[in-house]
Amino acid sequence: MANQTSAPTEGLSAIDRFFQITQRGSSMGAEVRGGLVTFFAMSYIVVLNPLIIGTVPDGTGQFLGGGDAPNLGMVAAATALIAGIVTIAMGVFANFPIGLAAGLGLNAVVAYSIAGLPEMTWADAMGLVVIEGLIILVLVLTGFREAVFNAVPVELKTAISVGIGLFISLIGLVNAGFVVPGDGTPVALGNLATWPMLVFVVGLVLTIVLWVRRIRGALLIAILTATALAVVLENTLSIGAKAPDGSNPTGFNLNAPAFSGVVEVPDFGLLGQFSLLGSFDKIAAVSVALLVFSLLLADFFDTMGTMVAVGAEAKLLDEKGNPPQARAILVVDSFGAIAGGAGSVSSNTAYVESTTGVGEGAKTGFASVVTGAAFLLATFLSPLVALVPYEAAAPALVLVGFLMMAQVAGINWRNMEIAIPAFLTMIIMPFTYSIADGIGAGFIAFVVIKLALGKVRRIHPLMWVSSLLFVVYFLLEPIQDALS
């Protein structure tokens, strides 16, 4: 295992030995801080996932949970519960510092492209998510998913990591409202003269100052300080949140950090509300196959990119750019997809925000256990989770994006055969808001350039397979239109 320090295990606690905390050059304090920072960076999903999948009626007019009106509390409780369970599993079984939760993008596909189809129910849609997870699990257990990962050139893996760094920085800037859609331009500078923007700017400045001064716990301190400022501002000025209809444009981007109590009894009624094969009675089998394929390919490569990014930031990758226990990581991620569908909260997948915890010093699965435990507590302490607005967590994402950019020096920019695919991978991820799209563009460019140079034999067979699958992925919409 590369970049790990050997250390005697005598006198170490059972937890330290099990998670190899000292062996990996970490400490219990760093793991706890890293786990909490990852949770705070991911906790928005407990609020956002219900707004995506809980507010859209299915093909029969029913909302998730089987009612005539949204039940966001039920969706939030199940979202936090499943995230907690699968993240703890990642820590215990794969010993890797990655948090998992309902995947953004994947949940939107389920809500807007699957559940709303005529006669389709939410149970049918979640059944497709379970099928996708089962297929990915088979691909992992047969070694195919790991083999594809190993076939990717090291420098292209580096580009994936750098691209994710740019991507999460953009996520932070957009979530905070610092970057917004422009008037006649794709993006523009947001309104800086608002109280929520003050929270973000103070948080970002504090994050940078604490980081350059090498203050232990810099990211966690900055998140908590910015949250405290947001709470004070909200409770004195009643700023409120931006409304979906565009009203209150100077409000907080997602949730206004108003204190409304501490404990709330969760409702786990969504668990098990899925129909494994129900969709086959509603739409053609070929349409089912295409929907599952679209979910599968995005999930398949998103996790590959995320575990490379986290492993690189934690300095856990070997000389081939592979993290330790890659198969165990992928197995747990596959179960995350299955659990997400079975829990009716959409596919759970690895989060790039986990790099914030690594930036705080996390290097082992104990950090994931801490993150998962925080999610489980969030099922009861949802009012406290809602106190952390986007604007307070976003600065950590921006700084970690900077840290991940440093890996760009590992790419040979004079070698066009790898430099162009690397460049496309890095820029397309943030520009399309998709890890899978960036990876797909890089893979296809790599194969095309090798073909143009007559170096067909230097293309790994699995790079051929992956690139062809991505071609289908990018052409999925016209293929579906043609078949329908």
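Above this note sits the structure.
Residues numbered from 1 in each chain as written. Predicted model: local features only at pLDDT ≥ 70, side-chain atom pairs only at ≥ 80, totals over all residues. Heavy atoms only, no water.

(A) View of the overall build of the chain. Regarding its fold elements, the chain presents 20 helices and four strands. In summary, the chain has a C-alpha radius of gyration of 22 Å against a globular reference of 23 Å for 484 residues, a match within 12%. When its C-alpha atoms are laid out on the principal axes, the chain stretches across 65 × 60 × 55 Å. Sequence-distant contacts, at least 24 apart, represent 78% of the contacts inside the chain between residues at least 6 apart. Of the roughly 19100 Å² of accessible surface on the chain, 67% is carried by carbon and sulfur atoms. (Helix = DSSP H or I, 4+ residues; strand = E, 2+ residues; numbered from the N terminus. Rg over C-alpha atoms; globule rule 2.2 N^0.38 Å. Contact = heavy atoms within 4.5 Å. Areas by Shrake-Rupley, 256 points an atom, 1.4 Å probe, with all protein chains shown as cover.)

(B) Here's a closer look at the nonpolar core. In terms of nonpolar packing, the biggest core is built from 129 residues, with Trp 122, Ile 164 and Phe 301 touching the most fellow members. With 17 residues, helix H11 (residues 285-313) is the largest single contributor of residues to this core. Once you skip the residues sitting within four places of it in the chain, Trp 122 turns out to touch Ile 53, Val 56, Pro 57, Asp 58, Gln 62, Phe 63, Leu 64, Val 110, Ala 111 and Ala 115. (Core = buried A, V, L, I, M, F, W, Y, C linked by side-chain atoms within 4.5 Å. Buried < 20%, exposed > 50% of the residue type's maximum accessible area, 1.4 Å probe, protein only.)

(C) Spatial organisation of the packing of helix H2 (residues 28-42) against helix H10 (residues 218-237). For the pair H2 and H10, the least separation of the axes is 9 Å and the interaxial angle reads 40°. In terms of their interaxial angle, H2 and H10 are classed as oblique. For H2 against H10, the interelement crossing comes out left-handed. Counting all contacts with H2, which are made through Arg 33, Leu 36, Val 37 and Phe 40, the residues of H10 involved are Leu 219, Leu 220, Ile 223 and Leu 224. Residue composition of the contact of H2 with H10, by class: seven nonpolar, no polar and one charged. (Axes fitted to C-alpha atoms, helices over the stretch in contact; angles between N-to-C directions. Parallel < 35°, antiparallel > 145°, perpendicular 65-115°, else oblique. Left-handed = near helix turned anticlockwise from the far one by under 90°. Nonpolar A, V, L, I, M, F, W, Y, C, P; charged D, E, K, R; others polar.)

(D) Quick peek at helix H5 (residues 106-114). When H5 is considered as a whole, its buried residues turn out to be Leu 106, Asn 107, Val 110, Ala 111 and Ile 114. Angular distribution of buried residues about the axis of H5 spans 140°; they occupy a single face of the element. Each element contacted by the buried residues of H5 is listed here: helix H3 (44-53), helix H6 (122-141), H11 and strand S4 (348-350). (Arc of directions from axis to C-beta.)

(E) Representation of a nonpolar patch on the surface within the structure. Residues Leu 134, Phe 274, Leu 276, Leu 277 and Phe 280 make up a contiguous nonpolar surface patch of roughly 420 Å² in combined accessible area. Residue placement: Leu 134 occurs in helix H6. (Patch = residues over 30% accessible without salt bridge, like charges linked within 9 Å, V, L, I, M, F, W, Y side chains within 5 Å. Salt bridge = Lys/Arg side-chain N within 4 Å of Asp/Glu carboxyl O.)

(F) Examining unusual backbone geometry more closely. For Ser 238, which is not glycine, the phi dihedral falls at a positive 50°. Looking at where Ser 238 falls in the secondary structure, it is placed in the loop between H10 and H11. For Ser 238, a relative accessible area of 59% corresponds to the exposed category. Although it is not a glycine, Tyr 433 adopts a positive phi angle of roughly 60°. What makes Tyr 433 partly exposed here is its relative accessible area of 39%.

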